[in-house]
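Residue-level structure breakdown
The chain contents come next:
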Amino acid sequence: MAFGLRYSLIGFGAGLGALIAAIGPPALAETPKRGGTLTYLIPADAPPTFDGHRETTFATAHTGAPFYSVLIRINPENPGSTTDFTCDLCTEMPKPTDDGTTWTFNIRQGVKFHDGSPLTAADVAASLNRIAFPPQGILSPRSSSFEMLDKIEATDPNTVVFRLKFASTAFLPALADPFAWVYKKAILDKDPHWYEKNIMGSGPFKFDVFETGQAIKGVRNPDYYHKGQPYLDAIHGIYAPKQSTRVEALRSDRAAIEFRGMPPASRDELKKDLGDKITVQESDWNCGSVVTPNHAKKPFDDARVRRALSLAVDRWKGAEALSKIANVRTAASIVFPADPLSPTKEQLYEIAGFWRDIDKSRAEAKRLLKEAGAENLSFELLSRDIDQPYKYVGIWLIDEWSKIGLKVTQRVLPSGPFIAAQRAGDFAVVQAANCHGVVNPLIDVHPYLSSSISKQNYGNYEDPKQDELLNKAMHETDPVKQKQLMFQFSKHVMDTEAHKLMILWWYRIVPYRSYVKGWKISPSHYLNQDLANIWLDK
Amino acid sequence: MTIAAPSPSGIAALVDDNLAPRGIFAVIFSFLRRQPVGAIGITLVLIFGLAGVFANWLAPYNPTSNDFSAMTEAPSWAHWLGTDQLGRDLFSRILFGARTAFIVGLTAAFVGGVTGLVLGVGSAYFGGPVDLWLQRVLDIVMAFPLIIMALVVVSIFGTGLQNVILAITIPLIPRCARVVRSSALAIREVPYVDAARALGFGHIRIILRHMVPNVMGPFLVIITAFVGQAILAEAALSYLGLGVQEPVPAWGLMLQGGAEEYATTAPWIAVFPGLAIMLTVFGINLFGDSLRDELDPKLRDR
């Protein structure tokens, strides 16, 4: 890693951590108490499957993370950092060799799966191979995050070696992905799809019961390898897709926390009603609303039409207004706005949909639609039945598009069918989210790559030029040049081709019962969700 | 005691009063005079119905336009019923919501009612195995409460206005068929139906000309009840996110999401759509009750 980039990343990480610390609760050193059951809310109807390697939704993360281990992770005591990686299953963070192309991890000994069998390096290698090099028939939306990876080997029962094609700053963040759960190799060998419908890991909690659409329950794993953890006797996750239900559950203390995030109005209401009984942590969120036109459906194969869709949306005004009622806040490019690789505001003004003059922007949109023969276009926007922020963003977008003469209706689906519809290409335009764990724009923008490369790109397009631009940025170690390349990539994706429309970045607000201790917010609702360090001060 | 025979002119007067055809306005006036509660009901229904029909002219704002300068504004001269969290005018949305409610309510009630009428009269007329099997099928459909059946249909066919109408129509069919059949069974046995058969009239003619007109009383009453039920069901489905979708104005949808989130800080977001649903269904039920009283000779003069 070039020193300049290293320092800029460290500086960014420190800055983000400081921001989170500034708006979070005071960090007091308290002795954790053991016992109790944490009841938490999962703002979804159900996870599409239990398989973290396959899914990209919090519904799966918040359901499964407490039952699994990972090789490395962002330090749970410092989850706001983007560079503070620590071991979970490894014994210590290794130094790379061979000019940064070989990483050798020693695996903890004595770790057991919940069925009592030992966890070895072979299980770690098999799990990460499944993510990076998925076999035929296995869906792995994160495989493109490992394009720097050549192979993964378990050289002995306690050692896993990662050999890279080229040294990359993106490798460790990719490896620390919170969905990179370690599965049992013997099970994967027997049935590669077993983990889609079953849960069996080596994490801090053992799976107890799953009630479809109702709850997931776990009990303390007495054999957990992090000394003293977990502090809780049991966990009880309740599926509650409706915002009002969750607010009332917190208010009445039927649940203690919802980890994803709530809108400002709910925060203010709970704080006003419950005072000190409610603690709030807030953070910028590595999550943004993204609109994807399906290039396989006319007229969205035409860049002029896609560009018009983007030009119609007044993000500057929308961000200011919607931040009062929804958990969105920032108008920015496809790069996390607080990241050093994010374009300057002046650069942003050059991109379609971010012009300063919205009237001029909409006039251009109308001209493009006319030129493309798509005046008075009507289409259906596919959206997800989660209030925050999908519902608000969806309503706002439809109104914005109506200002250039488009007639848009909405099809709202629960999480499972919503994701299935995207994967099947059963949509004209979809409003979804691009959310990630560790902040790492070089990896986080992978869903914008060609559909053949990124399984998270449901736009059905191939664009070798943009793939090449990101490839250059991945290999570039000079931070200034890397930033320039990222801007070229962003402009190509958002403006020239308008493959996808970056709408607004989210803002994470987590109000919770003050007796919940030990949990620290991060810029991702996927991170720090194994609940091992949470305890109840009751 | 002497009983005087009625004079020819007296008989003529009786005939004029009871049998002579009256104009539609006279019938309506007579109904309103005898059923003042029904008059209130139909007035409420007409107010909301006409509001829906003329929403384009009556609404002061575009019901789907966001106005970020007027988010969660309390009722005022500018916004009579206030605004929601996106600054949309609630009065305008309620007017357009009436259109959605009545489109769903009237269509589901009419289609479900007419289908039920045909099945009910047909089942009674043919009797035997046709009646037996048809009634068992209707029993199965009726075993599910209306909203549960509607949820099943929406789950299969998806959301959207057309599917919501379909979802509400299907469970209404057996309910109408059952009521109509019970009336039609009695009519099937009356001499003029036998006479029609003896004269060689076809089944269709007998059913349409001689049986259907004689079950119109209970049919009209149940149709009015269906309109109210369908409006409630549409609101329930929309509230559950399974009916029409945003930004289409619909009363049930207006009670969802923002209304719950802002229930304490901006209660008007929930109160006015709730009132609209309540008053409309209340009006329909009042009218339906009065119509039943009017059409039932036993109740008419009570």
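Let me sum up the structure you'll find in this document. Just so you know, the residues in each chain are numbered from 1, in the order the chain's sequence is written. Numbering of ligands from 1 and lettering of chains from A proceed in the order in which they are written. Residues qualify for local features only when their pLDDT is at least 70, as the model is predicted, and side-chain atom pairs are given and counted only at 80 or more; totals for whole chains, interfaces and linings, by contrast, use all residues.

Under the scheme used here, helices are H or I runs from DSSP no shorter than 4 residues and strands are E runs no shorter than 2 residues, and both carry numbers assigned from the N terminus. Secondary structure assignment for chain A yields 17 helices and 18 strands. The C-alpha atoms of chain A give 23 Å as radius of gyration, which agrees with the globular expectation for 538 residues (24 Å, within 12%). Viewed in the frame of its principal axes, chain A has a C-alpha envelope of about 65 × 60 × 45 Å. Put simply, 71% of the contacts in chain A that link residues at least 6 apart link residues at least 24 apart. Between the two quantities, the radius of gyration covers C-alpha atoms and the globule rule is 2.2 Å times the number of residues to the power 0.38. Residues are defined as contacting one another if the C-beta atoms placed from their backbone atoms lie within 7 Å.

Turning our attention to unusual backbone geometry. Residue and element names in this part refer to chain A. Following Gln229, the chain continues into Pro230 via a peptide bond in cis, with omega recorded as -5 degrees. Among the secondary structure elements, Pro230 is positioned in the loop between β8 (215-220) and β9 (234-239). Looking along the chain, the bond that leaves Gln388 and enters Pro389 is cis, with omega of -15 degrees. Looking at where Pro389 falls in the secondary structure, it is placed in helix α13 (residues 387-402). Although it is not a glycine, Asp253 sits at a positive phi angle of roughly 65 degrees. Mapped onto the fold, Asp253 is located in the loop between α7 (243-251) and β10 (257-258). Residue Asp253 is classed as exposed on the basis of its 12 C-beta neighbours within 10 Å. Unlike most non-glycine residues, Asn528 shows phi in positive territory, near 60 degrees. With respect to the helices and strands, Asn528 occurs in the loop between β17 (516-517) and β18 (535-536). For Asn528, a count of 26 C-beta atoms within 10 Å puts it in the buried group. Once C-beta atoms are placed from the backbone, each residue is buried if 20 or more other C-beta atoms lie within 10 Å of its own, exposed if 12 or fewer, and partly exposed for counts between those two.

What follows deals with the sheet that holds strand β4 (residues 102-106) of chain A. All names here are of chain A. Pairing is antiparallel across the open sheet formed by three strands, whose spatial order is β4-β6-β5. Edge positions in the open sheet fall to β4 and β5 (149-156), since each of these has one partner strand only. Geometrically, the sheet is characterised by an average inter-axis angle of 15 degrees between neighbouring strands, direction not taken into account. By this definition, two strands are paired if DSSP reports at least two bridges between them. With five bridges connecting them, β4 and strand β6 (residues 159-164) associate as antiparallel partners. If you follow Asn106 over to β6, its bridge partner there is Thr159. Lines fitted to C-alpha atoms define the axes, with helix axes restricted to the stretch in contact, and inter-axis angles between N-to-C directions lie between 0 and 180 degrees.

Contact residues are listed per partner, giving 17 residues for chain B and 21 residues for chain A. Tallied by class, residues from the side of chain B that touches chain A come to five nonpolar, nine polar and three charged. Think of it as three bins: nonpolar holds Ala, Val, Leu, Ile, Met, Phe, Trp, Tyr, Cys and Pro, charged holds Asp, Glu, Lys and Arg, and polar takes everything else, Gly as well.

Residues and elements named next belong to chain B. Running from N to C, helix α5 (residues 90-126) and helix α11 (residues 216-239) cross one another at 135 degrees; their axes reach a closest spacing of 8 Å. In terms of orientation, α5 and α11 fall into the oblique class. You can see that α5 and α11 cross each other, and the crossing is right-handed. Between α5 and α11, the contacting residues are Ala101, Val104, Gly105, Leu106, Ala108, Ala109, Gly112, Gly113 and Leu117 on the first element and Phe219, Ile222, Ile223, Phe226, Val227, Ala230, Ile231 and Glu234 on the second. Here the contact of α5 with α11 is built from residues that sort into 13 nonpolar, three polar and one charged. Relative orientations are named as follows: roughly parallel for angles under 35 degrees, roughly antiparallel for angles over 145 degrees, roughly perpendicular for angles from 65 to 115 degrees, and oblique for any other angle. Working rule for handedness: look at the near helix, and if it is turned counterclockwise from the far one by less than a right angle, call the crossing left-handed; if clockwise, right-handed.

A few words on the pairing of strand β15 (residues 429-435) of chain A. Residues and elements named next belong to chain A. β15 sits mainly inside the fold: six of its seven residues count as buried. Both strand β11 (residues 278-293) and β15 contribute to a ladder of seven bridges, which runs antiparallel. Paired with Thr292 across the bridge in β15 is Val430. The sheet contact formed by strand β13 (residues 378-384) and β15 spans two bridges and is parallel.

Without other data, these values stay purely geometric and don't point to any function.
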